[in-house]
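# Notes for the structure review
This is what each chain is made of:
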Amino acid sequence: MFESPESYVAEYAESQHFLFLPPEVKEHAEQALSAFFDRAALRGAPALAALTPAVVESVLLQDMGHLNLPAAAKRALPELLDGFFGFLKESGRFPAAGALRMCAEALAPRFRASLREDGSRKGETVRNVSATVGRNDPCFCGSGLKYKKCCGG
């Protein structure tokens, strides 16, 4: 019943909706949408009809930030998805895309917050809060004494 996502992507790239995208996004739109659907298939949504807001959320927030795209194009991924799902809904090709469009729109601030200025993903810094120097180890200050006789005393 439904065509492949790739055929919808090609149709979107020739539509009026595509013209409203910024030039830096248009250049990478087909690549980004293809990557989105590849990752959605890995997460259990091999067809457009199987996409749910939960799949859109997990793919956008966990996978799309790792794409090798310029920073401006990467920051605009939620708008790209919003426009694509809007095209599907308004053209009547996939009326259920309205919920996916709202999901992409709602996730945009969280997605942008997960990116650094250069477009790379922010990660959580893991800090070791416990001391790694034992009592009988050489002191980390470089005095040559054991830690228990120097800074540990």
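Scroll up for the structure.
### What about the overall build of the protein?
- Looking only at helices and strands, one finds seven helices and zero strands in the protein.
- Counted from the first residue to the last, the protein has its helices and strands arranged as α-α-α-α-α-α-α.
- Whereas a compact globule of 153 residues would reach a radius of gyration of roughly 15 Å, the protein reaches 24 Å, over 25% beyond that.
- For the protein, the spread of C-alpha atoms along the three principal axes comes to 80 × 30 × 20 Å.

### Examining the pattern of salt bridges
- Applying the stated criterion to the full structure yields six salt bridges.
- A salt bridge links Glu 90 to Arg 101; the shortest N-O distance between them is 3.2 Å. Placement of Glu 90 in helix H6 (residues 77-90) and of Arg 101 in helix H7 (residues 97-113) is noted, with a sequence separation of 11 residues between them.
- Overlapping salt bridges, with partners in common, bring together Asp 82, Glu 90 and Arg 101 in one network.

### As for the side chain of Ser 15
- Its location among the elements puts Ser 15 in the loop between helix H1 (5-13) and helix H2 (16-19).
- Taking the relative accessible area as the measure of exposure, Ser 15 reaches 12% and is therefore buried.
- A polar contact is formed between the side chain of Ser 15 and the backbone nitrogen of His 17, at a distance of 3.3 Å.

### Things to note about the nonpolar core
- Judged by nonpolar contacts, the single largest core of 42 residues is most densely connected at Phe 36, Leu 51, Leu 77, Leu 80, Phe 84, Phe 85 and Leu 88.
- For this core, the elements supplying multiple residues, two or more each, are H1, helix H3 (23-42), helix H4 (53-63), H6 and H7.
- Sorting elements by how many residues they give to this core places H3 first, with eight residues.
- Leaving out residues up to four positions away in the same chain, Leu 80 has contacts with Tyr 12, Leu 21, Val 25, Ala 29, Ala 32 and Leu 33.

### Comments concerning the packing of aromatic side chains
- For the structure shown, the criterion picks out seven aromatic pairs.
- The interplanar angle of 80° and the centroid separation of 5.4 Å between the aromatic rings of Tyr 12 and Phe 84 together place this pair among those described as edge-to-face. In this pair, Tyr 12 sits in helix H1 while Phe 84 sits in helix H6, placing the two residues 72 residues apart along the sequence. Just as Tyr 12 is buried, Phe 84 falls in that class too.
- With a centroid separation of 6.3 Å and 70° between ring planes, the pair formed by Phe 36 and Phe 85 is classed as edge-to-face. Here Phe 36 is found in helix H3, whereas its partner Phe 85 is found in helix H6, with 49 residues between them in sequence. Like Phe 36, the residue Phe 85 is buried in the burial classification.

### Quick notes on the side chain of Ser 58
- Its place among the elements puts Ser 58 in helix H4.
- Here the side chain of Ser 58 touches Val 55 through a polar contact of 3.1 Å, landing on its backbone oxygen.
- Excluding its chain neighbours within four sequence positions, the residues that come into contact with Ser 58 are Arg 43 and Asp 63.

### Some words on the state of the cysteines
- Enumeration according to the criterion identifies zero disulfides in this entry.
- Summary of cysteine pairing: Cys 141 is not part of a disulfide, and the nearest cysteine sulfur, belonging to Cys 139, is at 3.5 Å.
- For Cys 141, a relative accessible area of 44% corresponds to the partly exposed category.
- With no disulfide of its own, Cys 150 lies closest to Cys 141 among cysteine sulfurs, the gap being 3.6 Å.
- Assessed through its relative accessible area of 26%, Cys 150 is described here as partly exposed.

About the criteria used
- Residues numbered from 1 in each chain as written.
- Predicted model: local features only at pLDDT ≥ 70, side-chain atom pairs only at ≥ 80, totals over all residues.
- Heavy atoms only, no water.
- Helix = DSSP H or I, 4+ residues; strand = E, 2+ residues; numbered from the N terminus.
- Rg over C-alpha atoms; globule rule 2.2 N^0.38 Å.
- Salt bridge = Lys/Arg side-chain N within 4 Å of Asp/Glu carboxyl O.
- Buried < 20%, exposed > 50% of the residue type's maximum accessible area, 1.4 Å probe, protein only.
- Polar contact = N/O pair within 3.5 Å; in protein donor to acceptor, adjacent residues only side chain to side chain.
- Core = buried A, V, L, I, M, F, W, Y, C linked by side-chain atoms within 4.5 Å.
- Contact = heavy atoms within 4.5 Å.
- Phe/Tyr/Trp six-rings, centres within 6.5 Å; stacked < 30°, edge-to-face > 60°.
- Disulfide = S-S within 2.5 Å.

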